[in-house]
Amino acid sequence: MRLTWQCPTCYAQLGDRSYARMLTCPYCGSLLIVNPEERKFYRVPKDKGWYYFSKIDSPGYIKFGEYEEHYKYDGENWYLLKDGDIYQLQGEFPLEGEIMEEGEVSFIWGEIPFVAPPGSILKTAKSKNKIYKIASRITLLFLKSEKKVSDIFSEVLQ
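Basis of the calculations
Residues numbered from 1 in each chain as written. Predicted model: local features only at pLDDT ≥ 70, side-chain atom pairs only at ≥ 80, totals over all residues. Heavy atoms only, no water. Helix = DSSP H or I, 4+ residues; strand = E, 2+ residues; numbered from the N terminus. Rg over C-alpha atoms; globule rule 2.2 N^0.38 Å. Contact = heavy atoms within 4.5 Å. Areas by Shrake-Rupley, 256 points an atom, 1.4 Å probe, with all protein chains shown as cover. Core = buried A, V, L, I, M, F, W, Y, C linked by side-chain atoms within 4.5 Å. Buried < 20%, exposed > 50% of the residue type's maximum accessible area, 1.4 Å probe, protein only. Pairing = 2+ DSSP bridges.

**Structural notes on the overall build of the protein chain**
Assigned secondary structure in the protein chain consists of 2 helices and 13 strands. Over its C-alpha atoms the protein chain spans a radius of gyration of 15 Å, differing by no more than 12% from the 15 Å that the globule rule assigns to 158 residues. With the principal axes as the frame, the protein chain shows a C-alpha extent of 50 × 30 × 30 Å. Here the analysis covers contacts within the protein chain between residues at least 6 apart in sequence; of these, 55% occur between residues at least 24 apart. For the protein chain, the computed accessible surface area is about 8700 Å², with 46% contributed by carbon and sulfur atoms.

**Observations regarding the nonpolar core**
Of all hydrophobic cores here, the largest spans 35 residues; its most connected members are Leu-14, Ile-62, Tyr-71, Ile-108, Phe-114 and Phe-142. The biggest single contributor to this core is strand β10 (residues 98-112), with 5 residues. Look past the residues within four positions of Leu-14 in its chain and what remains in contact with it is Trp-5, Cys-7, Leu-23, Cys-25, Pro-26, Tyr-27, Leu-32 and Phe-41. Core analysis: the second largest hydrophobic core is formed by 6 residues, Leu-81, Ile-86, Ile-152 and Phe-153 among them.

**Points about the pairing of strand β9 (residues 85-92)**
Bridging between strand β8 (residues 78-82) and β9 involves 4 bridges; their strand directions are antiparallel. Its bridge partner lying in β9, Leu-81 is registered against Ile-86. Counting the residues that bridge the hairpin from β8 to β9 gives 2 residues, and of these Asp-83 lies at a positive phi of roughly 55 degrees. Taken together, the 5 bridges between β9 and strand β13 (residues 139-144) define a ladder with antiparallel strand orientation.

As structure tokens, this is what we get:
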């Protein structure tokens, strides 16, 4: 029997990650979807196996098209590092503004607040001090924060 919050690939005990929607196992690199109701993870399938990603120095990283973003959960809030600015997640909101970026997801590491497996399309819309992240089933609003990059994303700056 599989324990709660255990990686289904390497069986590492990862702990409660119910705040995230998708993550990579820090031990084996498997891409996992979080199921908070059942307190477990599901592997994202790839052809006849599953994904293995190389570790990078970021708490949460995604590459889609030619764009890259970093995410971090600090125990209370999700933050997005985009073009040198920090944005804080406000929740799910309807889209405002024009889509400025669109691309196919090719790489993920760490924890992110939405489900966007490789091959899916991720979009970004901007409106003043707002960023909207559009994944297949959710649109999240991030507001620009006055926090310093070094205070939130020290791992990325090293």
